[in-house]
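# Reading the structure
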Amino acid sequence: MNLFQAINNSLDLALTSDPTAIIFGEDVAFGGVFRCTVGLQEKHGKSRVFNTPLCEQGIAGFGIGAATAGATAIAEIQFADYILPAFDQICNEAAKYRYRSGGIYDCGSLTIRAPCSAVGHGAVYHSQSPEAFFAHCPGLKVVVPRGPIKAKGLLNSCIRDKNPCLFFEPKILYRSAVEQVPVKEYTMPLSTADILVEGDDITLVGWGTQVHVLREVCQLAKDQLNVSCELIDLVTILPWDKETIAQSVKKTGRLLIAHEAPLTSGFGAEIAASIQHDCFLNLEAPIERVTGFDTPFPHMFEPFYMPDKWRCLEAVKKLVNY
């Protein structure tokens, strides 16, 4: 399966195994713009897979109500760029519902999916990575998969998790790779980072699409610089796995964080501050961040905006030569 097929398979299994599960959003009844829900309404019925008006605030609010009433609510925001009209519902209602009601009400069975990040031609409204906005909101879980196997396992976990989850899917990965995804139901742990490449000289941290960029950087650093990189996929933005990164940095003494979102207050800043605090005496160089720039996401200048392998490799050279 590729990534969108793995998502579709996860949603199909959720609808099959859980009679309370419903899927809703803009165009999901027709399969969605990325085909993630194709065939689900025909198989499970119009009362369980249905379209909504073009109103992200309404989609989130409906999801909160449905989850509170006992449904397993799986919402789709068509593009993560358009999740901001729902920001109030997600951060002031969903994230706080259990807390402010003293446990009387609970919308923990709400999962919100949204395609995110650059796609090569999306420009300002179809390319953004908004994960850091929601990382500042206790009560949510925020997850970004890197490929089909992880996507299915993590989405299954989010749907079953008893906290509201945001599941950001890097849209450029939907059709970019095929993996041998188990067809049966399985879950993968949230808030557990994955060490994909072990190394001794520098720790590289990313999530989503950026993991694949950094994997190339690991090879380039080995071939051109004779530098051994340790690559970590953060997997979950909130709550994030600080321990795995800290243990790696204590071994390597250097840390590079890369993400597509702008530099200022990107989630890399939180990682850098935390690791600097916990690993100060282990660091051989200042922590480096390679990110998008503090501008709106460009169209024709996208190749210059992206934290590509060459920018990341330059940061590796800077770190090892500090």
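Along each chain, residue indices are assigned from 1 in the same order as the chain's sequence is written. Since the coordinates come from a predicted model, pLDDT governs what is reported: local features require at least 70, and pairs of side-chain atoms require 80 or more to be given and counted, while whole-chain, interface and lining totals use all residues. The basis for the side-chain values is all heavy atoms of the structure; hydrogens and waters are excluded.

We now examine the overall build of the protein. By the criteria applied, helices consist of DSSP H or I runs no shorter than four residues and strands consist of E runs no shorter than two, each listed in order from the N terminus. Looking only at helices and strands, the protein features 12 helices and 12 strands. Looking at the protein residue by residue over its 322 residues, the buried ones come to 59%. Note on areas: Shrake-Rupley with a 1.4 Å probe; residue coverage comes only from the protein chains shown. For the protein, the accessible area works out to roughly 13700 Å², and carbon and sulfur atoms hold 57% of it. Residues counted as positive are Lys and Arg, residues counted as negative are Asp and Glu, and His and the chain ends are not counted. A charged residue contributes its charge at one atom only: NZ of Lys, CZ of Arg, CG of Asp or CD of Glu. Side chains of the protein give 28 positive and 35 negative charges; the mean places of these two sets differ by 4 Å. Think of it in three bands: residues with accessible area under 20% of the maximum for their type are buried, residues over 50% are exposed, and the middle band is partly exposed, with areas taken using a 1.4 Å probe on protein chains only.

In this section: the UniProt feature "domain: Transketolase-like pyrimidine-binding" (unreviewed entry) in the protein. UniProt positions are given in the numbering used here, feature names are shortened, and annotations may be inferred rather than shown by experiment. As recorded in UniProt, the sites labelled "domain: Transketolase-like pyrimidine-binding" (unreviewed entry) are residues 1-176. The span residues 1-176 is 36% helix and 16% strand, and its two end C-alpha atoms sit 11 Å from each other.

Think of it this way: DSSP has to see at least two bridges between two strands before they count as a pair. The strand order β2-β1-β3-β4-β6-β5-β10 describes an open sheet built from 7 strands, whose pairing is mixed. Of all the strands in the sheet, the pair left with one neighbour each is β2 (49-51) and β10 (236-238). The sheet shows a mean angle of 20 degrees between the axes of neighbouring strands, direction not considered. As paired elements, strand β4 (residues 110-116) and strand β6 (residues 165-170) share 6 bridges and run parallel to each other. Following the sheet pairing, Ile112 is matched in β6 by Leu166. For this analysis, residues touch if any pair of their heavy atoms sits within 4.5 Å. Lines fitted to the C-alpha atoms define the axes, with helices restricted to the stretch that makes contact. Angles between their N-to-C directions range from 0 to 180 degrees. Packing against the sheet, helix α3 (residues 56-68) makes contact with β1 (21-25), β2, β3 (72-76) and β4, and its axis sits at approximately 170 degrees to β1.

The next subject is the sheet that holds strand β12 (residues 288-292). With mixed pairing, 5 strands are arranged side by side in an open sheet as β7-β9-β8-β11-β12. Looking along the sheet, the strands with just one partner apiece sit at the ends: β7 (194-197) and β12. Taken over all neighbouring pairs, the strand axes of this sheet differ in orientation by 25 degrees on average, direction set aside. Judged from the 5 bridges that link them, strand β8 (residues 202-206) and strand β9 (residues 229-233) form a sheet pairing that is parallel. Bridge pairing links Val205 to Ile232 in β9.

So, on to helix α1 (residues 3-17). Taking 1.5 Å per residue as the helical rise, α1 with its 15 residues ought to reach 21 Å, and the 21 Å between its terminal C-alpha atoms agrees with that figure. Among the 15 residues of α1, 12 are classified as buried, and the element is accordingly described as predominantly covered. Turning to α1, its buried residues are Leu3, Phe4, Ala6, Ile7, Asn8, Asn9, Ser10, Leu11, Asp12, Leu13, Ala14 and Leu15. Between a side-chain oxygen at the N-terminus of α1 and the backbone nitrogen of Phe4 the separation is 3.4 Å; the capping residue is Asn2. A helix's residues, less one, multiplied by 1.5 Å, set its expected span. We define a polar contact as two N or O atoms separated by no more than 3.5 Å, with the added condition that, inside protein, one atom must be a possible hydrogen donor and the other a possible acceptor, whereas residues neighbouring each other in sequence contribute only through side-chain atom pairs.

To continue, consider the nonpolar core. Counting 54 residues, the largest nonpolar core has Ile90, Phe168, Ile245 and Ile271 as the members making the most contacts within it. Broken down by element, the residue count for this core peaks at 5 residues, all from α3. Residue assignment places this core across two domains, with domain 1 (3-176) and domain 2 (194-321) each supplying three or more. Not counting residues within four places of it along the chain, the set of residues in contact with Ile271 comprises Val205, Trp207, Leu234, Trp240, Ile245, Leu255 and Ile257. Within the second largest apolar cluster, 31 residues are counted, among which are Ala14, Cys158, Cys165 and Tyr174. What makes a nonpolar core is a set of buried Ala, Val, Leu, Ile, Met, Phe, Trp, Tyr and Cys residues whose side-chain atoms join them at distances within 4.5 Å. Domain start and stop positions are those given by an automatic or database domain assignment.

Here we come to the side chain of Thr236. Mapped onto the fold, Thr236 is located in strand β10. Given the relative accessible area of 0%, Thr236 is considered buried. With residues near it in sequence (within four places) discarded, Thr236 still touches Val142, Val143, Leu190, Ser191 and Thr192.

Further remarks concern the layout of surface pockets. Only protein atoms enter the 1 Å grid used here, on which a cavity is any set of points holding a 1.4 Å probe that cannot leave and a pocket is any open set flanked by protein within 12 Å on both sides along at least five of seven lines; residues with an atom within 4 Å of a point are listed as lining. Grid points are joined across faces, edges and corners, and a volume is the space filled by probe spheres set on the points. Each pocket or cavity is described by its volume, and for the largest pocket that value is around 340 Å³. If you trace the largest pocket, you find 21 residues lining it, with Ser129, Pro130, Phe133, Ala261 and Pro262 closest to the centre. Classifying every residue of the lining of the largest pocket by side-chain character gives 11 nonpolar, 7 polar and 3 charged. Of the residues that make up the lining of the largest pocket, three or more belong to each of domain 1 (3-176) and domain 2 (194-321). Its volume calculated, the second largest pocket comes out at about 200 Å³. Lining the second largest pocket are 15 residues, with Thr209, Val213, Glu260, Met306 and Asp308 sitting closest to its centre. Among the elements of the structure, α8 (209-225) and α12 (309-320) are those that each provide at least two residues to the lining of the second largest pocket. A per-element tally of the lining of the second largest pocket places α8 first, with 4 residues. Amino acids are sorted into nonpolar (Ala, Val, Leu, Ile, Met, Phe, Trp, Tyr, Cys and Pro), charged (Asp, Glu, Lys and Arg) and polar (every other residue, Gly among them).

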